[in-house]
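# Chain and residue survey
Chain residues, written in single-letter form:
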Amino acid sequence: MRYYLGLHPTGTTALWAVEDGARVVARADGAQESAEVPEGTDPLDAIKATRERWSFHLLDLAPGQYYPRMSRPNSQHPSESPGSNPANHDERALIELSRGQLAALRYQLDAILRVIHPAETNFSAFGYEIRNLLILAATEVEAHWKGVLVTHGVRANSTTDYVKLADVLRLREYAIRLPFYPWLGSFRPFDAWRSTSTTPTKDLAWYDAYQAVKHDRENQFPRATLINALQALCGCAVMLFAQFGRSGFKYREDINSFFELAEAPAWHPSEAYSFQVGRPYTPIRYEFPA
């Protein structure tokens, strides 16, 4: 059985179940609509025949299937990125812990910015409290990376493993704004990260700095800069969006007001999660390349 998501320019969607050799094909989203398939005709062509201006996209996953801790748009709203994850309700404890940690980091940043004005001319400022924030924020990002990979049964020991998430979560496409400081523009903490990288630590300047100041404070202290701490903190926000969608911020005004999603991935309709009446949601492990 194959499943196609139909899209109309008006925004209307339709989920179709297509089986080779079938004489009738029907909607799989609960709508009472079907199409007869003339003998010798491909079922998808039979659907298209009477539906002008529609485009049809073969879904990567069957209805109900989803990747744990990976947010995607759903088939009813395929353009609404970053979407959500069907398991968010079951992951409430994890989400709340992540929200709480991000809120704590945000207040730590607030205290720093009462002393150092957040401006590009001060981005190179460094100090003990900035170092502490950089280490805590980068450690939290690591926790998210590990959590996603372990959930999918993949090794998670270093950036050589973590970087596998760059493409599947589309991390480069996220941008975060801080509405309280609009003059700073957008932050793209994963802008240079690619799954094919041979230098995954150095490609993230803020993460490389975190490793340096954590292991060699005496010589690397000047790398504990304000810009690196800001990038690490925005990296935490990106990881919440990438795993749980906007649910990662819902009901928490202290972080919802502080981190604004400026840009999100443009997912292809074929990548959307879908639901079929009577079919339960089923977690599927993402097949990461070796």
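What counts and what doesn't
- Residues numbered from 1 in each chain as written.
- Predicted model: local features only at pLDDT ≥ 70, side-chain atom pairs only at ≥ 80, totals over all residues.
- Heavy atoms only, no water.
- Core = buried A, V, L, I, M, F, W, Y, C linked by side-chain atoms within 4.5 Å.
- Buried < 20%, exposed > 50% of the residue type's maximum accessible area, 1.4 Å probe, protein only.
- Helix = DSSP H or I, 4+ residues; strand = E, 2+ residues; numbered from the N terminus.
- Contact = heavy atoms within 4.5 Å.
- Phe/Tyr/Trp six-rings, centres within 6.5 Å; stacked < 30°, edge-to-face > 60°.
- Pairing = 2+ DSSP bridges.
- Disulfide = S-S within 2.5 Å.
- Salt bridge = Lys/Arg side-chain N within 4 Å of Asp/Glu carboxyl O.

### Remarks on the nonpolar core
W145, F190 and F259 are the most contacted members of the largest nonpolar core, which has 70 residues in total. Sorting the residues of this core by element identifies α2 (92-113), α3 (128-151), α5 (165-168), α6 (205-215) and α8 (226-244) as the ones contributing at least two each. At 14 residues, α8 tops the list of elements feeding residues into this core. Apart from the residues within four sequence positions on either side, F190 is in contact with V141, W145, L171, R172, L204, W206, G235, V238 and M239. In terms of nonpolar packing, the next biggest core, distinct from the first, is built from eleven residues, W16, A35, L44 and A46 among them.

### Quick notes on the packing of aromatic side chains
Scanning all chains against the criterion turns up 20 aromatic pairs. Judged by centre distance (6.3 Å) and plane angle (25°), the ring pair of W54 and F56 falls under stacked. Exposure remark for W54: the relative accessible area of 24% places this residue in the partly exposed category. Between the aromatic rings of Y67 and Y286, the centroid separation amounts to 5.2 Å while the plane-to-plane angle is 80°, which identifies the pairing as edge-to-face.

### Regarding unusual backbone geometry
Of the consecutive residues S81 and P82, the connecting peptide bond is found in the cis state with omega at 10°. By secondary structure assignment, the location of P82 is in the loop between β6 (65-66) and α2. Of note in the backbone geometry, R170 takes a positive phi value of approximately 55° without being a glycine.

### Description of the pairing of strand β3 (residues 24-27)
Walk down a regular strand and you will see the side chains alternate between the two sheet faces. Two strands pair when backbone bridges link them, and strand β2 (residues 13-18) and β3 are joined in this way by two bridges, in the antiparallel orientation. Paired with A17 across the two strands is A26, which belongs to β3. Counted along the chain from β2 to the antiparallel partner β3, the turn is five residues long, and its residue G21 has a positive phi close to 85°. Connecting β3 to the antiparallel partner strand β4 (residues 34-36) that follows it, the hairpin turn spans six residues, and G30 within it adopts a positive phi of roughly 95°.

### So, the state of the cysteines
Enumeration according to the criterion identifies zero disulfides in this entry. In this structure C234 is not part of a disulfide, and its nearest cysteine sulfur, from C236, lies 9.0 Å away.

### Observations concerning the environment of W206
Structurally, W206 is set in helix α6. Distance from W206 to A229, taken between C-alpha atoms, is 7.1 Å for residues 23 residues apart in sequence.

### Topic: the sheet that holds strand β8 (residues 186-187)
With antiparallel pairing, three strands are arranged side by side in an open sheet as β8-β7-β9. The two strands at the open ends of the sheet, each matched to only one other strand, are β8 and β9 (260-263).

### Thoughts on the pattern of salt bridges
In total, this model carries 14 salt bridges according to the counting rule given. Residue R27 is joined to E33 by a salt bridge in which the shortest nitrogen-to-oxygen separation is 2.5 Å. Judged by relative accessible area, R27 falls into the buried class, the value being 18%. Of the charged contacts in the structure, one is a salt bridge between E271 and R170, with a shortest N-O distance of 3.4 Å. A residue pair is termed long-range when its members are at least 10 positions apart, and E271 in the loop between β9 and β10 (282-283) and R170 in the loop between α5 and β7 (175-177) qualify at 101 residues. Just as E271 is buried, R170 falls in that class too. Connected via shared salt-bridge partners are R27, D29, E33 and R51.

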